[in-house]
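# Structural description and commentary
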Amino acid sequence: QKGLEFLERAVAMDDQDPQNWHNLARISLLVGNLQRAEYAWWRACHLQPDSLDYSVNLGISIAAQKRFTEAEKIYKSVLAVNPLHFNALLQ
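Attention in this report is confined to the structure presented alongside it. This structure is a prediction, so every number in the text was calculated from the model and none was measured.

### Comments concerning the pattern of salt bridges
Using the criterion set out here, one finds four salt bridges in the structure. In this structure, Glu 8 and Arg 36 form a salt bridge, with 2.7 Å as the shortest nitrogen-oxygen distance. With Glu 8 in helix H1 (residues 2-13) and Arg 36 in helix H3 (residues 34-47), this pair connects stretches of sequence that are 28 residues apart. On the basis of relative accessible area, Glu 8 is assigned to the partly exposed category, the value being 32%. The partly exposed category is assigned to Arg 36, whose relative accessible area is 27%. Notably, a salt bridge pairs Glu 38 with Arg 67, separated by 2.9 Å at the nearest N-O pair. A residue pair is termed long-range when its members are at least 10 positions apart, and Glu 38 in helix H3 and Arg 67 in the loop between helix H4 (52-63) and helix H5 (68-81) qualify at 29 residues.

See the structure below:
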C-alpha cells in the first residue's frame, strides 16, 4: 500500500512523465487493481505513443479483465509495427 501511495504521489508531481504512469500500472496490476493498471498504461501510451512496450502492457491489463478482443487488437497493432516484438507475440 505504501508503494502505491508513493507512486501516486510521483504521478501527481509529474503527470506528464510516462515512466511514472508505467510504474503505477505495474504495481496496480500486481495487486490486482486491473482498472487502475489499464488507465495508467493508457496514460503512458498517450504520453509516449511510440512505446510498443506500453501498448503491450495496456493489452495485458485489458486481457486480464477478460476483454480479449480489445487486447488482441492492441497486440496486432504492435505486431504491425514490429512483427518480432517478443511480448506481443507471447501474448
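### What about the environment of Cys 45?
Examined against the element boundaries, Cys 45 turns out to sit in helix H3. A residue is classified by how much of its surface remains accessible, and Cys 45, at 12% relative accessible area, is buried. With twelve residues separating them in the primary sequence, Cys 45 and Asn 57 have C-alpha atoms 9.5 Å apart. With sequence-adjacent residues up to four places away left out, Cys 45 is seen in contact with Tyr 54, Ser 55 and Leu 58.

### Brief notes about the packing of helix H2 (residues 18-30) against H3
The contact between H2 and H3 brings their axes to 8 Å, and the two run at 160 degrees. Taken together, H2 and H3 sit at an angle that is classed as roughly antiparallel. For H2 against H3, the interelement crossing comes out left-handed. Mapping the contact onto sequence places Pro 18, Trp 21, His 22, Leu 24, Ala 25, Arg 26, Ser 28 and Leu 29 in H2 and Leu 34, Arg 36, Ala 37, Tyr 39, Ala 40, Trp 41, Arg 43, Ala 44 and Leu 47 in H3. Its residues assigned to classes, the contact of H2 with H3 comprises twelve nonpolar, two polar and three charged.

### Here's the deal with the packing of aromatic side chains
By the definition in use, this model includes two aromatic pairs. On the basis of an interplanar angle of 85 degrees and a centroid distance of 5.7 Å, the ring pair of Trp 21 and Tyr 39 is categorised as edge-to-face. Of this pair, Trp 21 sits in helix H2 while Tyr 39 sits in helix H3, and the two are 18 residues apart along the sequence. The class for Trp 21 is buried, based on a relative accessible area of 7%. Here Tyr 39 falls in the partly exposed class, since its relative accessible area comes to 42%. Measuring from centroid to centroid gives 5.9 Å for Tyr 39 and Trp 42, while their planes differ by 25 degrees, and the two rings are stacked. Taken together, the positions of Tyr 39 and Trp 42, both in helix H3 and three residues apart, correspond to about one turn of that helix. Its relative accessible area of 40% is what places Trp 42 among the partly exposed residues. Of the aromatic side chains, those joined through ring pairs into one cluster are Trp 21, Tyr 39 and Trp 42.

Conventions and cut-offs
Residue indices follow the written sequence of each chain, beginning from 1 at its first position. Since the coordinates come from a predicted model, pLDDT governs what is reported: local features require at least 70, and pairs of side-chain atoms require 80 or more to be given and counted, while whole-chain, interface and lining totals use all residues. Derived side-chain values reflect all non-hydrogen atoms in the structure, with water molecules and hydrogen atoms excluded from consideration. For salt bridges, the criterion is a side-chain nitrogen of Lys or Arg within 4 Å of an Asp or Glu carboxyl oxygen. In this description a helix means any DSSP run of H or I spanning at least four residues, a strand means any run of E spanning at least two, and both kinds are numbered starting from the N terminus. Burial classes: relative accessible area under 20% of the type maximum marks a residue as buried, over 50% as exposed, and values in between as partly exposed (1.4 Å probe, protein chains only). We call two residues contacting when some pair of their heavy atoms lies within 4.5 Å. Every angle, taken between N-to-C directions, lies between 0 and 180 degrees, and every axis is a line fitted to C-alpha atoms, over only the stretch in contact when it is a helix. Our angle categories are set so that under 35 degrees counts as roughly parallel, over 145 as roughly antiparallel, 65 to 115 as roughly perpendicular, and the remainder as oblique. For any helix crossing, the convention is left-handed if the near helix is rotated counterclockwise from the far helix by under a right angle, and right-handed if that rotation is clockwise. Under the grouping applied here, Gly and all other residues not named as nonpolar or charged are polar, the nonpolar ones being Ala, Val, Leu, Ile, Met, Phe, Trp, Tyr, Cys and Pro and the charged ones Asp, Glu, Lys and Arg. The aromatic pairing rule takes the rings of Phe, Tyr and Trp, using the six-membered ring of Trp, and pairs them if the centres are within 6.5 Å, calling planes under 30 degrees apart stacked, those over 60 edge-to-face and the rest tilted.

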